[in-house]
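Survey of secondary and tertiary structure
Single-letter residue listing:
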Amino acid sequence: DYQERLEEFEARIARGEKIEPGDWMPAEYRRQLIRMISQHAHSEWVGMLPEGAWIPRAPSLRRKLILLAKVQDEAGHGQYLYHAAETLGVTREEMVEALLSGKAKYSNIFNYPTLTWADVGIIGWLVDGMAIKNQTMLAQCSYGPYSRAMVRICAEETFHHKQGKEAVLLYAKGSPKQRRMVQDALNRWWWPTLMMAGPHDTDSPHTPLLLRWGIKTKTNDQIRQEFLDEHVPELLEAGLVPPDPELRYDEKTGHWVHGPIPWDEFWKVINGEGPMNRHRLLARQRAHEEGRWVREALEAYSKRRLAQAAD
Ligand code: ACO
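How each quantity is defined
- Residues numbered from 1 in each chain as written.
- Predicted model: local features only at pLDDT ≥ 70, side-chain atom pairs only at ≥ 80, totals over all residues.
- pLDDT = per-residue confidence, 0-100.
- Axes fitted to C-alpha atoms, helices over the stretch in contact; angles between N-to-C directions.
- Helix = DSSP H or I, 4+ residues; strand = E, 2+ residues; numbered from the N terminus.
- Parallel < 35°, antiparallel > 145°, perpendicular 65-115°, else oblique.
- Left-handed = near helix turned anticlockwise from the far one by under 90°.
- Contact = placed C-beta atoms within 7 Å.
- Nonpolar A, V, L, I, M, F, W, Y, C, P; charged D, E, K, R; others polar.

With that settled, consider the confidence of the model for the protein. Chain-level statistics for the protein give a pLDDT mean of 97 and a share of 100% at 70 or above. Scored as a complex, the prediction yields pTM 0.96 and ipTM 0.97.

Set out below in structure tokens:
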């Protein structure tokens, strides 16, 4: 019966076994995974837009090649993630429809504009830095297909992180104009990046169940702390200052402590009212329409191949 199955399911998770697509799982486990993995996949695809805008304007061929490769990786990450979600019984069409109709959430961070070239460096170093903390945790997740997708994604994200850091450190040592540009980018991306880890644990309704079933293995505040402890000293060493007058190092705990996060802005952004939400959605809708003939051609081709094989 249900109780016995649930106990066996939870015991498997406690033993560190992975849950695989054909295995029994509570309906709520499936629902939570579909929610998270599809939001994650949408984030990858929408995440191509802010940086993609700079591909034609990259300052050198080397930077252009790096950025092209990075944006292409994000398309691939979306693919692995949509596939991982499909193993739970949801279709690609349903997920894409939820995104295009504005029903689905995706990461807050991609609803801000990329105003200068320095934004590309800061996104690579800080936004991908936060994404790595979150995704390294998810690589330990109890659902096999999600955790395996994360292993590959994290390897690629590590490259994204390094290229961003390399660019930012170079500009931080550059001309006064370059230093101002990179500090300005840090000022604009700092708080949205801290918000990426999600609301404080006290305001995070999903965390307790996700932890219990090993979908998350760390809380939002733990991930945010790991991010701060790694990045704050490196930023300061580069001569860059996060825009938080209350930021301080706590000798007793050995951790960096941040001031209050502007959560009102976060809730607005994730509910569709951020500076670029409408723009991002329109861009995705247009890309979907413009790609329609490709999907139709692929379908017609595969039907013809099947018919030929049957002859
Ligand atoms: N952006 C948008 N929405 C968010 C964010 C965020 N940064 N953080 C939390 N939310 C939403 C949640 O989706 C949830 O909304 P819902 O109930 O409508 O689905 C609500 O805020 C409450 O948050 P939590 O209870 O804390 O949600 P959860 O426990 O799922 O934690 C988190 C949020 C950490 C983002 C988790 O869902 C997760 O790890 N997701 C997968 C990873 C991911 O999507 N990363 C995206 C950025 S990485 C990248 O794309 C490069």
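Here the narrative resumes, following the displayed structure.
For the pair helix α2 (residues 27-52) and helix α3 (residues 61-86), interaxial distance at closest approach is 8 Å and the crossing angle is 165 degrees. In this view, α2 runs roughly antiparallel relative to α3, as classed from their interaxial angle. Note on packing geometry: the crossing formed by α2 with α3 is left-handed. Within the contact between the two elements, α2 uses I34, I37, S38, H40, A41, E44, W45, G47, M48, E51 and G52 and α3 uses L67, K70, V71, E74, A75, H77, G78, L81, Y82, A84 and A85. Its residues placed into classes, the contact of α2 with α3 shows 12 nonpolar, 6 polar and 4 charged.

On to the packing of helix α4 (residues 92-100) against helix α11 (residues 277-290). For the pair α4 and α11, the least separation of the axes is 9 Å and the interaxial angle reads 140 degrees. For the element pair α4 / α11, the angle class is oblique. Across from V96, L99 and L100 in α4, the residues of α11 making contact are R284, Q285 and H288. Considering only residue class, the contact of α4 with α11 consists of 3 nonpolar, 2 polar and 1 charged.

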